[in-house]
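The primary structure of each chain is shown beneath.
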Amino acid sequence: MSNVIHIEEEENELLAKVEEISGETVTLCEQCGICTTSCPMAEEMDFTPAGIMHAVKLGDKNVLDSKAIWICASCFTCTVRCPRGIDLAKVTEALRQIHLRKNKDHVNLEEVKEEEQEENLPPIALVSALRKFTG
Amino acid sequence: MTRIGVYVCHCGGNISDVVDVEEVAQFASRLPDVVVVRSISHMCSESGQKAIIDDIREYKLDRVVVAACSPQFQGSTFEKALIKAGLNPKMVEMANIREQSAWPHYDIPDKATEKAKVLTAMAVEKIRKTKPVEREAMKIGKNTLVIGGGIAGIQASLDLANAGFNVYLVEEKPSIGGHMAQLSRTFPTEDCASCILAPKMADVADHPNIHLLTYTEILEITGSIGNFKVKLRQKPRYVDADKCTACGECEKVCPVSVPDEFNLGMTARKAIYLPSPTAVPHAHVIDEDACLGIVPLRCGECAKACEANAINYDDTPKYINLDIDTIIVATGFEIFDARKKPQYGYGRFQNVITALELERLIVESAEGHFIRPIGKDIAFIQCVGSRDKQVGNLYCSRICCMYATKLASLLKRADPSRDVYVFYTDLRAYGKGFEEYYRRAQELGVKFIRGRPGELQEDPETKKVIVRVEDTLTRKIIEKKFDLVVLSVGLVPSKGTLKIAEMLKLPRTSDGFLKEAHPKFRPVDTPIEGIFIAGTAQGPKDIPDTVAQASAAAARAMALMNKGEFELSPIKAIVYEDKCDGCGECIDACPVDAIKLNGKASINAAICKGCGSCISSCPRDAIDLKIFSDEEIMAEIESALKDKKENERRIIVFADDMCTYTLADGVGTAKMGYPANAFIIRVPSSSRVTPKMILKAFELGADGVFLGECEEAVSPFPSTLKVIKENVEKARIALKEAGIEPERIQYSPFVTVMFPKFVNLIKKLNEIASKEIPEEKRRKLHVLEVIE
Amino acid sequence: MKLPYYPGCTLKKNAKNFEISAMAAAKHLGIELIELPRWNCCGAVSSLTSDDVMHHVAAIRNLVRVQQMNDDGILENEYRLIVLCSMCFNVLKRSNMLVTSNASMLNTINSFMDTEPDYEGTVEVKHFLEILRDEIGFERLKNAVRNPLKGLKISPYYGCTLLRPKEIGIDDAESPSIMENLIEALGGDVADNPYKSLCCGSYHTVGNAEVVAQRTYKIIEGARRNGADVIITSCPLCAFNLDNRQALTEKLYPGFKRMPILYFTQLMALAFGYEKEAGFDGNFINPIPLLEEKGLIGMKVQK
């Protein structure tokens, strides 16, 4: 991966799309990193929450292929701490939606079915997982 | 019959390259009462002014119109010329044909010339109605009330007192000194704070012109500049400050211990105590809430121990009344309550403290008093309570970056084996010597890491504090245990600031601090004449800025008081007593409480700001402004709409002087075009434009009316936008009734840099106004009453 | 006091003991929880996008039921909808907030629901804990206790959806106290937990159970360090993750010791003297030995 990002016109499309779907102003982010250290999942992420915000601002589309946006479980800890008042949970939701709206699911339903029978999963787990991982 | 001279300026081509100045001059010569017309290359030059002065003498002119640039630019030049010629300075009017015609319409010279003619006619018609305004002055004495005894209040008091003015310095605590007295050293010079402050405090105590009133609260302030009535209550000290030698024997026998507020509760003091080692007055005081009992006396040990016989259990509150001419508000700040960020554990974790507590620890340990260990691994967390929407404080507290740099440096220098981290978001080292000081801290080995921790955890065994933070420059999460975490807490307005703001009706900005009259040009004035602000009551700032502001406030107060009288701005509301029936509607309409009812409304000229908000509230047209009078503005409206051709559309734009007029000048200077059929009428505030005026404009041929006003944050007048909104609503209802689209009236707040917004709104209105209004509908307006 | 009540799917399957214990506790306090007729799944999580109206329909349809209960005379001017499940509470309250502040969105949903009566924005979504705090009051609740939970060290676990985002949360997002107050009122001891509002991993339990088990470890150990015997929660998904996933936690962290996870209503039922209704046989980690050891069950309690 090159460490040069060439910023062209089309890079702004990602920012515009995310801002449109989320209703949040991503450019407000001042990169303080409070979201990252508030995030219970940050250690599992390839893009930290602050990194996600920065990638969207720059139009770095790699963020769309990141694990991080799927690891986020919308716990809203970043949202209640962001000093700029950005609802980051909405930003990651927008990134997931960009993916899901292309008719690409993030979960294999067959596997889930098996698991459900084995583990006696509660309906609430299944419904929420399917809502978050399928279009 | 008046005698008017009209002078058309070429502005060295700035105007004459676009506008046909000779045609304008020809046109002006046919206007009523015009006796002489000249077109001159540079009106503002000495020869231009001389032409005016000579003509005034030769042609016995009593009024002058200069068709040139903006009155905000050269207005005072021509006022001075009139004074030289022996005329009242208000008898000159400028037609702004440069910023409002030649420049914005440079690409359509024919229209620019036509507009210049109309602007000149408007000025002539206005000046015909202008009445000379006599200079009004009020007597003023030399007594200043300084509220707050921190460094701001101390500096202002000393400056005033040294210049021979009488100062009453009121402080609610038992000693002056404020927060500065608590600090270790000052950045970036690292002077010992109390060492440089103590001599100033002593000067205050000794100064013959300063009446120091400590332990004193303000009960009430009424009146206005030159005539403030102040009521004070001085709490009983129970110790005669003149007799007390501060020997401390009383403390030794006092049985009551309570937290010492000077050390932020980290140490204890007795119920009888010396407020601080450098306290002024340098005397003990009995804390009556902590004392076992004074009335009835339950202990009495301190009196027995006092050799100086200074203790007086019979002390009572003193009520003091003062007559004051000017006031300086220096009520300071409080630190942000770190408990409002529970995720940082302040108050729960024993090793999380505030920066102010660290200041005290450093001072006390330098004096050999051990309060608590500081440790080896120390972290500073920046922006606690500042720049944080979650606690409602969007502002930067300005001093935390540097005080943290200072404290980190002091700790590191005292023990180089310490590992000191500063976790910041943006490091702001903007002041003189600050960047160099930041560099020195880095040389010392202080580690500045860019990241803001989300929460802190306490190690249950060691009680060390675990900081987890993203190093946003490497995107790695850092975790480290610290012996001590210091919260760099921000500044918030003090309770005293809030109380005085309410008492004096001083406006505050959205950050909660006191609002200055103008953020650039009147930074220590308040919108209320004779009241000034200094120090952190106005907003977070460091000591040099506070001192500079305090001296500035003192100088502003002196400038008002020095001459023994002060001139009132001629822009004031007046009441026509024959029309006033004393209904009192105007009293609520006045945002500064300048109107009183004594049978009829009467206006306190010292308080009135001349915004004109009261005018539209009067059901009997009994209120007017002395300058920018109803008659003058109506003359401008009429003349702006005169000779309107068929198929022509005209828009009247009322522009408040402070923001919209300046903005329109800026738009013109930037050569940004806007519809050339928009004619700007300058008003002190668009709130003085009554619904009747707006409707009259439509009746006379206006196709659209726009009202521009300062945004609340920069406006010199409080709450005018509300009045404008109401007036516009009323006028719109009347338009609707006459069958005219109510959207033909628009209004908007502005600041002076909103160029595109101004242009777009005028263009939009021009589109709305493009449809013809049938004459019969306009005539309907004539008979319509404005609906109240 | 009759209040309309929304159970949600999981309280009819995995979390039956949550519902039964809550009913018993409520009844003891003079509250009759009346289940909404024809309720449907709320969707479990909210859509967080600004352009998605569709996914709020399910939630709003449930609120219409509250209106209907009033229209049908089942309720008398009672528009507070009580929810036990934290996730359902969060979803219903968010959808309600969105439509009551956005008239065009409400219009769209109302016309989509076609023959369903229009939602009028009158319902207030309340968590059962809020009723305990604001309506009953912890003082009254304390007086209703017949079997104080003496000597039981209880650690509250809030999770996410009870507290965040701020406009939905029922308590201070950073330092909540409602469950602590409840524990004290029931006569138990509060064991704090620095991770009491740390996300448990939520729906990652489907497909990524390990991530959940790691959080479970952190949360349970956080409580244990503060002396906890047991953790209480109000979210059936958190309960599943903290309770059932301990089997996996055990595998990942050798030496890990199990800790019972209970719904707060189970302890209420116990404290009010309804041991059977508390449903302790429904939990994955059996709490009965612990409760016996503390002398809280197996004793005759006067009814």
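Sequence order as written defines residue numbering, which begins from 1 separately in each chain. Throughout, the order in which chains and ligands are written sets their labels, letters from A for the former and numbers from 1 for the latter. In view of the model being predicted, local features appear only for residues whose pLDDT reaches at least 70, and side-chain atom pairs are presented and counted only at 80 or more, with totals across whole chains, interfaces and linings using the full set of residues. Based on all heavy atoms of the structure, the side-chain values leave hydrogens and waters out of the count.

1. Concerning the interface of chain C and chain A
Right, so step 1: A contact between two residues is defined here by any heavy atoms of the two lying within 4.5 Å. At the junction of the two partners, chain C supplies 41 residues and chain A supplies 39 residues.
Right, so step 2: Using a 1.4 Å probe, buried area is obtained as the accessible area two parts lose upon being combined, added over both of them. Taken together, both faces of the contact between chain C and chain A bury some 3500 Å²; the carbon and sulfur share is 61%.
Right, so step 3: Every case where a carboxyl oxygen of Asp or Glu lies within 4 Å of a side-chain nitrogen of Lys or Arg is listed as a salt bridge. Applying the counting criterion to the chain C and chain A interface returns four salt bridges.
Right, so step 4: Whenever two N or O atoms come within 3.5 Å, that pair is a polar contact, provided that in protein one can donate a hydrogen and the other can accept it, and provided that, for residues adjacent in sequence, both atoms are side-chain atoms. The tally of links from chain C across to chain A stands at 19 residue pairs in polar contact (both at pLDDT 80 or more).
Right, so step 5: The helix count covers DSSP runs of H or I at least four residues long, the strand count covers runs of E at least two residues long, and both are numbered beginning at the N terminus. Secondary structure elements with two or more residues in the side of chain C that touches chain A: α3 (86–100), α8 (209–225) and α9 (236–243) of chain C.
Right, so step 6: The residue classification treats Ala, Val, Leu, Ile, Met, Phe, Trp, Tyr, Cys and Pro as nonpolar and Asp, Glu, Lys and Arg as charged. All others, Gly included, are polar. Taken together, the residues of the side of chain C that touches chain A sort by class into 19 nonpolar, 14 polar and eight charged.

2. Focus: empty space enclosed by the protein
Picture a little ball the size of a water molecule; that probe, rolled over the atoms, points out where space is still empty.
Right, so step 1: In this analysis, the protein atoms alone were mapped onto a 1 Å grid. Cavities are point sets where a 1.4 Å probe fits without being able to get out; pockets are open sets with protein on both sides within 12 Å along at least five of seven lines; lining residues have an atom within 4 Å of a point. Grid points are joined across faces, edges and corners, and a volume is the space filled by probe spheres set on the points. The tally for this structure, following the rule as stated, stands at nine cavities of 30 Å³ or more.
Right, so step 2: By volume, the largest cavity amounts to about 270 Å³.
Right, so step 3: At the level of secondary structure, the elements contributing two or more residues to the lining of the largest cavity comprise α3 and α9 of chain C.
Right, so step 4: Among the elements that line the lining of the largest cavity, the one with the most residues is α3 of chain C, at four residues.
Right, so step 5: The residue makeup of the lining of the largest cavity, split by class, is 16 nonpolar, five polar and three charged.
Right, so step 6: Taken as a whole, the second largest cavity encloses approximately 170 Å³ of empty space.
Right, so step 7: Taken together, 17 residues line the second largest cavity, and the ones lying closest to its centre are Cys-39, Met-45, Pro-49, Cys-72 and Cys-78 of chain A.
Right, so step 8: Those elements that provide at least two residues to the lining of the second largest cavity are α3 (49–58) and α6 (88–100) of chain A.
Right, so step 9: Taken together, the residues of the lining of the second largest cavity break down into 15 nonpolar, two polar and no charged.

3. Some remarks on the domain arrangement of chain A
Residue and element names in this part refer to chain A.
Right, so step 1: Domain parsing of chain A yields domain 1 (11–104) and domain 2 (106–135).
Right, so step 2: Here domain 1 and domain 2 have C-alpha centroids that lie 24 Å from each other.
Right, so step 3: Taken together, the six residues of domain 1 in the interface contact five residues of domain 2.
Right, so step 4: Both faces considered, domain 1 and domain 2 share a buried interface measuring about 520 Å² in area, 55% of it formed by carbon and sulfur atoms.
Right, so step 5: Counting across the interface, domain 1 meets domain 2 through one salt bridge.
Right, so step 6: When the shortest N-O distance is used, the salt bridge between Glu-93 and Lys-132 registers 2.7 Å.
Right, so step 7: Seen at the junction of domain 1 and domain 2, the total is two residue pairs in polar contact (both at pLDDT 80 or more).
Right, so step 8: The element that contributes the greatest number of residues to the side of domain 1 that touches domain 2 is α6, accounting for three residues. How far each domain reaches was decided by an automatic or database domain assignment.

4. Focus: the state of the cysteines
Residue and element names in this part refer to chain B.
Right, so step 1: By disulfide we mean two sulfur atoms from cysteines, separated by a distance within 2.5 Å. Overall, the coordinates contain two disulfides over all chains when judged by the stated rule.
Right, so step 2: Each sulfur of the disulfide joining Cys-192 and Cys-195 lies 2.1 Å from the other. Where Cys-192 bonds to Cys-195 through sulfur, the torsion about that S-S bond is close to 75°, and the disulfide is right-handed.
Right, so step 3: For Cys-192, a relative accessible area of 21% corresponds to the partly exposed category. Partly exposed residues are those whose accessible area sits between 20% and 50% of the maximum for their type, while under 20% is buried and over 50% is exposed, using a 1.4 Å probe and protein chains only.

5. Section: the sheet that holds strand β11 (residues 216–224) of chain B
All names here are of chain B.
Right, so step 1: Spatially, the three strands line up as an open sheet ordered β11-β12-β17, and their pairing is antiparallel. Looking at which strands have only one partner, the edges of the open sheet turn out to be β11 and β17 (318–324). Each strand axis lies, on average, 15° off the axis of its neighbour in the sheet, ignoring direction.
Right, so step 2: Two elements, β11 and strand β12 (residues 227–234), share eight bridges in a ladder whose sense is antiparallel. The residue bridging Ile-221 from the neighbouring strand is Val-230, located in β12. Strands are labelled as partners when DSSP assigns at least two bridges between them. Note on method: axes are straight lines fitted to C-alpha atoms, helices fitted across the in-contact stretch only, with angles between N-to-C directions ranging 0 to 180 degrees.

6. Observations concerning the pairing of strand β32 (residues 595–598) of chain B
All names here are of chain B.
Right, so step 1: Pairing between β32 and strand β33 (residues 600–603): four bridges, direction antiparallel. Bridge pairing links Leu-597 to Ala-601 in β33.
Right, so step 2: The hairpin formed by β32 and β33 contains one residue between the paired strands, and Gly-599 there has a positive phi angle of roughly 80°.

7. Quick notes on the pattern of salt bridges
Right, so step 1: Overall, the coordinates contain 80 salt bridges over all chains when judged by the stated rule.
Right, so step 2: Across the pair Arg-84 of chain A and Glu-30 of chain A runs a salt bridge, and its minimum N-O distance is 3.0 Å. Residue Arg-84 of chain A is found in the loop between α5 (77–81) and α6, and its partner Glu-30 of chain A is found in the loop between α1 (11–22) and α2 (34–38); the two are separated by 54 residues along the sequence.
Right, so step 3: Looking at Glu-30 of chain A, the relative accessible area reads 12%, which means it is buried.
Right, so step 4: Salt-bridge contacts for Glu-190 of chain B lead to Arg-413 of chain B; the nearest nitrogen and oxygen are separated by 2.7 Å. With Glu-190 of chain B in the loop between β8 (185–186) and β9 (191–192) and Arg-413 of chain B in helix α11 (residues 400–414), the pair connects residues that are 223 residues apart, well separated along the chain.

8. Description of the sheet that holds strand β25 (residues 465–471) of chain B
Residue and element names in this part refer to chain B.
Right, so step 1: The three strands lie next to each other as β24-β25-β26, forming an open sheet whose pairing is antiparallel. Each having just a single partner strand, β24 (456–458) and β26 (476–482) make up the two edges of the open sheet. Strand-to-strand twist in this sheet, taken as the mean axis angle between neighbours without regard to direction, amounts to 25°.
Right, so step 2: Pairing between β24 and β25: three bridges, direction antiparallel. Residue Glu-458 lies in a different strand from β25, and its bridge partner there is Val-465.

9. Some details on the interface of chain B and chain A
Right, so step 1: Opposite the 20 residues of chain B that make contact, chain A presents 21 residues.
Right, so step 2: For the pairing of chain B and chain A, the buried interface totals around 1700 Å² over both sides, and the portion due to carbon and sulfur atoms is 43%.
Right, so step 3: Where chain B meets chain A, there are four salt bridges.
Right, so step 4: Between Arg-387 of chain B and Glu-30 of chain A there is a salt bridge whose closest N-O contact spans 3.0 Å.
Right, so step 5: Connecting chain B to chain A are 16 residue pairs in polar contact (both at pLDDT 80 or more).
Right, so step 6: Looking at the side of chain B that touches chain A, the element that brings in the most residues is β25 of chain B, giving three residues.
Right, so step 7: Of the residues in the side of chain B that touches chain A, the class split is four nonpolar, six polar and 10 charged.

10. Some words on the domain arrangement of chain C
Residues and elements named next belong to chain C.
Right, so step 1: Considered domain by domain, chain C is made up of domain 1 (2–129) and domain 2 (138–293).
Right, so step 2: Placing a centre on the C-alpha atoms of domain 1 and another on those of domain 2 gives a separation of 25 Å.
Right, so step 3: At the interface, 24 residues of domain 1 touch 33 residues of domain 2.
Right, so step 4: Note on domain 1 versus domain 2: buried area summed over both sides is about 2500 Å², and carbon and sulfur give 73% of it.
Right, so step 5: Broken down residue by residue, the surface that domain 1 buries against domain 2 is led by Asn-17, His-28 and Leu-129, which jointly contribute 27%.
Right, so step 6: Linking domain 1 to domain 2 there are 10 residue pairs in polar contact (both at pLDDT 80 or more).
Right, so step 7: At the level of secondary structure, the elements contributing two or more residues to the side of domain 1 that touches domain 2 comprise α1 (16–28), α3 and α5 (128–136).
Right, so step 8: The leading source of residues in the side of domain 1 that touches domain 2 is α1, at eight residues.
Right, so step 9: A breakdown of the residues in the side of domain 1 that touches domain 2 according to their chemical character gives 15 nonpolar, seven polar and two charged.

11. Re the nonpolar core
Right, so step 1: Put simply, a nonpolar core is a bunch of buried Ala, Val, Leu, Ile, Met, Phe, Trp, Tyr and Cys residues held in one set by side-chain atoms that sit within 4.5 Å of each other. Among the nonpolar cores identified, the biggest contains 151 residues, and Leu-132, Leu-141, Leu-186, Met-268 and Phe-272 of chain C are the most heavily contacted of them.
Right, so step 2: With residues near it in sequence (within four places) discarded, Met-268 of chain C still touches Ala-25, Leu-29, Phe-128, Leu-132, Leu-141, Leu-182 and Leu-186 of chain C.
Right, so step 3: Formed by 100 residues, the second largest nonpolar core is a distinct cluster that contains Cys-590, Ile-652, Ala-702 and Ile-745 of chain B.

12. Side note on the environment of Leu-252 of chain C
Residue and element names in this part refer to chain C.
Right, so step 1: With respect to the secondary-structure elements, Leu-252 resides in helix α10 (residues 246–252).
Right, so step 2: Look at Leu-252 and you get partly exposed, because its relative accessible area is 32%.
Right, so step 3: Considered as a pair, Leu-252 and Glu-210 are 42 residues apart in the sequence and their alpha carbons are 8.4 Å apart.
Right, so step 4: Ignoring sequence-local partners within four residues, the contact set of Leu-252 consists of Glu-210 and Ala-213.

13. Side note on unusual backbone geometry
Right, so step 1: The step from Phe-187 of chain B to Pro-188 of chain B runs through a cis peptide bond, and the omega angle for that step is -5°.
Right, so step 2: The omega angle of the peptide bond from Val-295 of chain B to Pro-296 of chain B is -5°, so this bond is cis rather than trans.
Right, so step 3: Tracing the sequence through the fold places Pro-296 of chain B in the loop between β16 (285–286) and α9 (301–305).
Right, so step 4: At Asn-120 of chain A, a position not held by glycine, the phi torsion is positive, near 55°.
Right, so step 5: Along the chain, Asn-120 of chain A falls in the loop between α7 (109–119) and α8 (123–133).

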